[in-house]
Structures are given as structure tokens and as C-alpha cells.
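Letter by letter, the chains look like this.
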Amino acid sequence: MKFTIAKRQKFDYLFAEIIESESLTELDIQDKIKFTEIDYEASYRLLCLDLPFLNELPNEHILHEISDSLIKSYTTIYKNKVYILLVDAINLTDIQKKQNLNFTFTVLSGILKRYNARCGISLPFCKLKQMSEAYLQATSALDLGNFPKKNDGYFDYNDYRIFHLLTICNDKTPIKNFSNPKLLKIYENENNKKADRLQILRTYLENNCKITETALELHMHRNSIIYHIQQIEELYQINTNDFKERLDLMLTFEIMDFINYQTQG
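Only a predicted model underlies this, so the values are computations on that prediction, with no experimental measurement involved.

A. Just the packing of helix α8 (residues 197-206) against helix α11 (residues 243-264), in detail. Where α8 meets α11, the closest approach of the two axes is 11 Å, and the angle between their N-to-C directions is 125°. In terms of orientation, α8 and α11 fall into the oblique class. For the crossing formed where α8 meets α11, the hand is left-handed. Mapping the contact onto sequence places L198, L201, R202, L205 and E206 in α8 and R246, L249, M250, F253, E254 and D257 in α11. Of the residues contributing to the contact of α8 with α11, the split by class is six nonpolar, no polar and five charged.

B. Summary view of the pairing of strand β1 (residues 41-50). Of all 10 residues in β1, eight are buried, a share of seventy percent or more. By the bridge criterion, two bridges tie β1 to strand β5 (residues 125-127) in an arrangement that is antiparallel. Its bridge partner lying in β5, E41 is registered against K127. Two strands pair when backbone bridges link them, and β1 and strand β4 (residues 118-121) are joined in this way by four bridges, in the antiparallel orientation. Looking at the pairing, D50 lines up with R118 of β4.

C. Just the packing of aromatic side chains, in detail. Taken as a whole, this structure holds 13 aromatic pairs when the rule is applied. With a centroid separation of 6.3 Å and an interplanar angle of 55°, the aromatic rings of Y187 and F253 are classed as tilted. With Y187 in helix α7 (residues 181-190) and F253 in helix α11, the pair connects residues that are 66 residues apart, well separated along the chain. With relative accessibility at 1%, the residue F253 sits in the buried group.

D. Summary view of unusual backbone geometry. With a phi close to 55°, N208 is a non-glycine residue in the positive phi region. Among the structural elements, N208 can be located in the loop between α8 and α9 (211-218). A residue is classified by how much of its surface remains accessible, and N208, at 59% relative accessible area, is exposed. Positive phi values are uncommon outside glycine, yet Q237 reaches one of about 55°. Positionally, Q237 belongs in the loop between α10 (222-236) and α11.

E. The nonpolar core, seen in detail. Of all hydrophobic cores here, the largest spans 38 residues; its most connected members are F15, I29, Y44, L46, L85, L128 and M131. Counting residues per element, the ones that place at least two in this core are α1 (5-20), β1, β2 (73-78), β3 (81-88), α5 (131-143), α6 (161-170) and α11. If we ignore the near neighbours within four places in the chain, the residues touching L46 are F15, Y83, I84, L85, G120, I121, S122, F125, M131, A134, Y135 and A138. Membership of the second largest hydrophobic core comes to 21 residues, among which are L54, L108, C119 and Y154.

F. Spatial organisation of the confidence of the model for the protein chain. The pLDDT averaged across the protein chain works out to 87; a share of 92% of its residues lies at or above 70. By mean pLDDT, the top-scoring element of the protein chain is α9 (96), and the lowest-scoring one is helix α3 (residues 59-69) (78).

G. Fine view of the pattern of salt bridges. Scanning the entire structure with this criterion turns up nine salt bridges. One salt bridge connects R114 with E65, and the closest N-O pair in it is separated by 2.2 Å. Of this pair, R114 sits in helix α4 (residues 94-115) while E65 sits in helix α3; the two residues are 49 residues apart in sequence, bridging distant segments of the chain. By sharing partners, the salt bridges in this structure join R202, E206, E254 and D257 into a single network.

About the criteria used
- Residues numbered from 1 in each chain as written.
- Predicted model: local features only at pLDDT ≥ 70, side-chain atom pairs only at ≥ 80, totals over all residues.
- Heavy atoms only, no water.
- Axes fitted to C-alpha atoms, helices over the stretch in contact; angles between N-to-C directions.
- Helix = DSSP H or I, 4+ residues; strand = E, 2+ residues; numbered from the N terminus.
- Parallel < 35°, antiparallel > 145°, perpendicular 65-115°, else oblique.
- Left-handed = near helix turned anticlockwise from the far one by under 90°.
- Contact = heavy atoms within 4.5 Å.
- Nonpolar A, V, L, I, M, F, W, Y, C, P; charged D, E, K, R; others polar.
- Buried < 20%, exposed > 50% of the residue type's maximum accessible area, 1.4 Å probe, protein only.
- Pairing = 2+ DSSP bridges.
- Phe/Tyr/Trp six-rings, centres within 6.5 Å; stacked < 30°, edge-to-face > 60°.
- Core = buried A, V, L, I, M, F, W, Y, C linked by side-chain atoms within 4.5 Å.
- pLDDT = per-residue confidence, 0-100.
- Salt bridge = Lys/Arg side-chain N within 4 Å of Asp/Glu carboxyl O.

Here it is as C-alpha cells:
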């Protein structure tokens with residue numbers, strides 16, 4: 001979208017209203033965009049750019065640079081961060097959307113390096129009313145973006161949804177209380193063992209309990225995988241054939257990652 005001050009100001013007001021007003025309805029938003037080029041429904045994604053020295057930089061120049069680089073986008077500055085609303089036609093295939101997003105990252109990579117910036121990415125959404133939720137997703141991805149360690153500067157909320165959930169829960173009660181006690185025993189008993197049964201069990205679960213795939217990923221013989229899984233199931237009374245127990249185990253692995261992340265942070 002060709003950058004103009006007038007267009008950007010219209011988006012500034014619209015963005016702030018959608019983010020800040022809980023009472024704003026779909027009809028209200030549709031009424032507000034009547035005299036703009038913004039569609040109420042499209043294939044949207046919101047990016048949040050954190051520029052360390054934004055207050056010391058020429059803001060209009062940065063917004064101009066982004067808008068000229070990303071034709072189908074709207075940009076604004078809100079609470080000392082740059083937000084970019086990416087727009088695609090709603091009838092694009094998933095492959096086309098992925099290609100467009102990859103192109104966006106290629107274009108933005110130079111900007112991120114130049115300004116030492118980081119970028120949080122929301123989940124896709126299709127209605128402007130959902131932009132307030134996308135705002136929380138993109139900013140949360142930035143907040144949680146130190147784990148796992150990444151060097152490309154992009155933090156996709158889809159990679160941090162579980163961590164976001166655990167953060168919210170942890171504010172209410174210690175998240176370790178929700179851990180599977182059987183898996184905690186394995187953590188206590190197996191950490192100093194030569195064979196890393198924790199890693200074997202996790203990889204086995206992540207591969208949908210498929211022996212061959214687990215063995216390939218861990219570069220082990222499949223008979224060794226069978227032996228260790230049988231030992232874990234017998235010693236700790238774990239039933240990996242039970243879906244709910246598998247889910248509980250995987251959630252506990254995520255909880256322990258989260259606790260390690262907090263400790264390291």
C-alpha cells in the first residue's frame with residue numbers, strides 16, 4: 001500500500017480504537033472503514049516490531065520504509081512499538097499465503113538487522129474485529145521470544161501458545177503443581193543415568209509412539225528404543241497407549257521446559 005500520512009493516520013485511529021475499546025462491535029468497525037481502503041474481511045496477520053531506540057529514530061521514515069517495502073500492509077506506532085497489518089486476499093491457498101509470508105520475512109530481514117529489531121507474529125485472522133486478539137498474540141510472542149533461543153529475530157506466536165498458556169496459569173498457582181507425578185519421578189531418578197530415558201520417552205511421544213521414527217531421530221537401534229520404553233512403562237507404571245496419559249506427559253514436558261526457561265531468564 002503506497003504510504004501517505006493521511007492513510008497512516010486513519011489506520012492509527014482505527015488500530016487504537018480496536019485495541020482499546022472492548023465495546024466496539026463488528027458493525028462499528030465496518031462503519032469506521034467505509035471511507036478507507038481497508039477491507040473488514042481479508043487474510044490478515046499482525047506483526048509487532050520492537051526497535052530498541054525507536055524514540056530516537058525518525059518514525060515517519062521508518063513507517064515509510066516499511067510501507068514502501070510491503071505493498072499490502074498498514075503500519076502504525078503504538079505504545080512504542082511498530083505494528084504492521086499484513087493483508088492478503090481471502091481466497092488465497094495456504095501455499096500462496098506461506099509464500100507471501102516468506103517474502104515478507106525476506107523484505108523485513110534487512111530492516112530488522114538495520115535497526116537491531118525483533119518481530120512478534122500473530123496467528124492468521126480474517127476479520128478486523130479479531131485484531132485485538134492478534135495484538136495480544138504478537139506482543140506475547142515477543143515477551144516469550146527468548147525461548148527457544150533464536151537468531152533470526154522472528155517469534156511466531158504459534159510456537160509460544162503453550163508457553164503463553166502456562167504463563168497465565170503460573171500467575172494463579174505454581175505451574176509445577178499440574179505436572180504428571182510419574183514423569184517427575186523420572187526427572188528425579190533418571191537425570192544422572194547413562195541412557196537418557198527422558199529424551200527417549202519424549203521423542204517417542206513426539207513421534208506418536210512409533211519405534212522406527214524414534215530410533216531414526218535418536219540414532220539408536222529400534223530394539224534399544226523398545227527396551228527403554230518397556231523399562232519406563234514397567235518401572236513408573238506409565239501407559240503410553242492411553243491418549244490422556246500421553247497428553248499429560250507431553251504437557252509435563254512443556255511445563256518443565258517452561259520452569260527451566262524461567263530459571264534461566
